[in-house]
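Spelled out, the chains give:
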Amino acid sequence: MPERHPTEGVAAWFARPFRVRAVMAGIALLVAFAFAYPTLAQSPEPEPQFATLVADQLRIEGADVLVAEGNVEALFGDTRLQARRVVFNRRDGTLRIDGPLVLNEGREVIILADQADMSDALRRGLIRSARVVFDEQLQIAAHSVERLDERFTEMNNVIASSCEICAQRRTPLWEIRARRVVHDDLEQQVYFENAQFRLFGLPVAYIPRLRVPDPRLQRASGFLSPRFVIDTGHGIGLRAPYFLALSQVRDLTVTPFVGTKGTRALELRYRQAFANGRLELGGLVARDSIRPSGLRGFGYAEGEFVVGRGFIFSFNVIQPSDRQVLDDYDRGASRLTSDLTLQRVRRDERIRLQFLQFRSMRLNEVNATLPNRVGQAVLERRMDVPGVGGVAGFRLEAHLHQRSQAVGPGGEPAPVPGMATGPRPRQVGRLSLDLDWRRDAVLPGGVLGAVGGHIGLDRFTLTQTQGDFPTSATRVTPNAMVELRWPLVRTGPDAVSHVVEPVAQVIWGRDSVSDLPHEANRLPEFDEGNLFSYDRFAARDVREGGLRANLGISWTRHDPTGWSSTLTLGRIWRQRDLEQFSPETPLSGRRSSWLVAGSIDAIDGLQLSNRSVFTSEFRLERTAFELDWSADNYTISTSYMRIIANPFEGRDRTSAEWSFDGARDIDEFWTARVGWRYDVARNRAARASIGVEYENECLRMSMGVERQFASATSPNNRTSLGFTVDILGIGGNPSRARRSCNDI
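Residues numbered from 1 in each chain as written. Predicted model: local features only at pLDDT ≥ 70, side-chain atom pairs only at ≥ 80, totals over all residues. Heavy atoms only, no water.

A. Quick peek at the overall build of the chain. Helix and strand counts for the chain stand at two helices and 43 strands. Across the 744 residues in the chain, those meeting the buried criterion constitute 40%. Counting only contacts in the chain whose residues sit at least 6 apart along the sequence, the fraction spanning at least 24 positions is 46%. Total accessible area computed for the chain in this model is approximately 39000 Å², and 57% of it derives from carbon and sulfur atoms. (Helix = DSSP H or I, 4+ residues; strand = E, 2+ residues; numbered from the N terminus. Buried < 20%, exposed > 50% of the residue type's maximum accessible area, 1.4 Å probe, protein only. Contact = heavy atoms within 4.5 Å. Areas by Shrake-Rupley, 256 points an atom, 1.4 Å probe, with all protein chains shown as cover.)

B. Fine view of empty space enclosed by the protein. Using the criterion set out here, one finds five cavities of 30 Å³ or more in the structure. One number sums up the size of the largest cavity: a volume of about 90 Å³. For the lining of the largest cavity, the secondary structure elements donating two or more residues are β27 (391–402), β28 (427–442) and β29 (448–463). For the lining of the largest cavity, the per-class residue count stands at seven nonpolar, two polar and three charged. Its boundaries defined by the atoms lining it, the second largest cavity holds a volume of some 60 Å³. Residues belonging to the lining of the second largest cavity are distributed by class as follows: three nonpolar, four polar and five charged. (1 Å grid on protein atoms, 1.4 Å probe; cavity = no way out; pocket = protein on both sides within 12 Å on 5 of 7 lines; lining within 4 Å. Points joined across faces, edges and corners; volume = space filled by probe spheres on them. Nonpolar A, V, L, I, M, F, W, Y, C, P; charged D, E, K, R; others polar.)

C. Geometry of the pattern of salt bridges. Under the definition given, this model contains 54 salt bridges. Among the ionic pairs, Asp-322 bridges to Arg-291, the shortest N-O distance being 3.9 Å. Taken as a pair, Asp-322 in the loop between β23 (311–320) and α2 (325–328) and Arg-291 in the loop between β21 (277–287) and β22 (296–308) lie far apart in primary sequence, 31 residues in all. Exposure remark for Asp-322: the relative accessible area of 6% places this residue in the buried category. Under the relative-accessibility criterion, Arg-291 is labelled partly exposed at 34%. Here Asp-458 ties to Arg-475 by a salt bridge, and the two come within 3.0 Å at their closest N and O atoms. On the criterion of sequence distance, the pair formed by Asp-458 in strand β29 and Arg-475 in strand β30 (residues 472–485) is long-range, its members being 17 residues apart. The same class applies to Asp-458 and to Arg-475, which are both buried. The structure contains a network of salt bridges with shared partners spanning Arg-59, Glu-61, Glu-69, Arg-85, Arg-96, Asp-98, Asp-117 and Arg-128. (Salt bridge = Lys/Arg side-chain N within 4 Å of Asp/Glu carboxyl O.)

Printed below as a string of structure tokens:
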């Protein structure tokens, strides 16, 4: 028996008109519309495709006309059609649609119209009084929309905007009016002819030819949002970045900057993505009145690549022409670090090979006398110890640093008892080996005990010491450790838990002190992170020695309703003062200063933390306080820092600074921001800024004023005012998800 096509059965069933009642509106009827999926349109022999049709009434007129009326909904492929009435003529393949109609091609393109005449499976046709919405963002209202083919759609008498149109305010914040618009679906571009750009209904620019990426396109060549600035050094200026998409994995951004005080600058940024990493190159070339002697600028390169066997090669190199160029062009930093790094990190292993160069931007520092060229190779491993138990560690390090010239007696910091004084050598090389072992155990009564040992071996070579230091030295530093912890836990009836844990740690080390220069350990820290550690020096050119006891107690409170708090108190007692630390450092003396650290995390977004160091007489030496508070309509971040003078650390006077940054939502669209840094010790401001931002579904604007005062990197005060406007809903600049009527 020959196979019968499904259409024949459907046609026979609909031999005479009939009506589907409202209660039967959910029945789906398979009808052979003879539509082909768009993706199959180019196939020489397309397979028959079927649609799902739902309607209140459905009838066949004659042999070729299918009429669907009342809440018509048709599904074919990725396209969904909703209309009041649909008439399909199978003979010529035409489709007449009476609206209001909605043609939805996925979430990306939606067409709303009053009436349409379509053919060729909706790939061609004329749509009247239409509105086209791209990715629920950019919407284009047109008198008529003509679909030329699958790729091109032509629109006439167009108004385009991503702003919500409201009954009480029918004029959008911004709009583009044009006589003719062509949408290229393949390239995802929208071309406007005789375009007029309007703000608040007023024409501000006429553009004969305008190309705009539709919101689905994430990468497209074109101008980015410009930025207007009024600056003390540059005058009134304009930055107009142009983004050039070279390919899917490469792009170039060119940013010219012009100022009324003679500034002419060009900034470049090149980016490329590889299968195994990324690369970014950039820089700036400028001629300005700040330093009119000639060209100035900077260049940088950074990247990261996976090179095999788990190794990652990364680099970050930056080179400015002078100390102030980064500050003058909004990239200020007191010190710059360039590095080349090859490393691999595994669960129990770390390998790192690194070369670094430090460059100071401070006006009172001489880079030639700083140990700013560093090479380092590190191998670290952790392993279990069978039989004995515990965990053992192995660390091998090769370190070399040098300066362009040796430091003479005039450049030496203030003498420190027990420390090597005098000039600094030009080059120092060190080979260090660290071996450590630790075993933990649970003792009776819930006491946690631990024993451990550590030995450090160092070999030094020094050049151009001028006789103040040996040209080579070897040092052995053994340590033995015993530790007891007694965690006490209490849980109340409200499920709030308290944990109190006293800790006592005793470490034995040799009393001998080497007579070598301090290069990388001039700023030792004392905090809850290193209270119970063998060594509090940052590098191994100096190692902490002597018999000492690290004592402390901590308290932790956890509330299941969402907030917790911690408090730590600690101190170090030594048998002898080996004078390894400068007198003003909290770690100096037979007894260190008292360390007090605490934090509070609340459920309403409040976070408080403080770390303070007090002398035995409870005189405050150092403190760092930080508060962060995030709520629905405001954020606050403020901190206060105070540290006493210490000439050995390069601080001739006590430093104290208060910083604040806050933002407040004035309403749904407006946000105010304010921030400052205030030098409390000198009773003067270091930085102050204030600004406002506006953002709705189609527009983002920001304006701010910032005042920067003279600092270690810049001798002059500087004031700048910036203004930026971003058009949302076009290209890769998405609009806000919230779409509501509003007034600016």
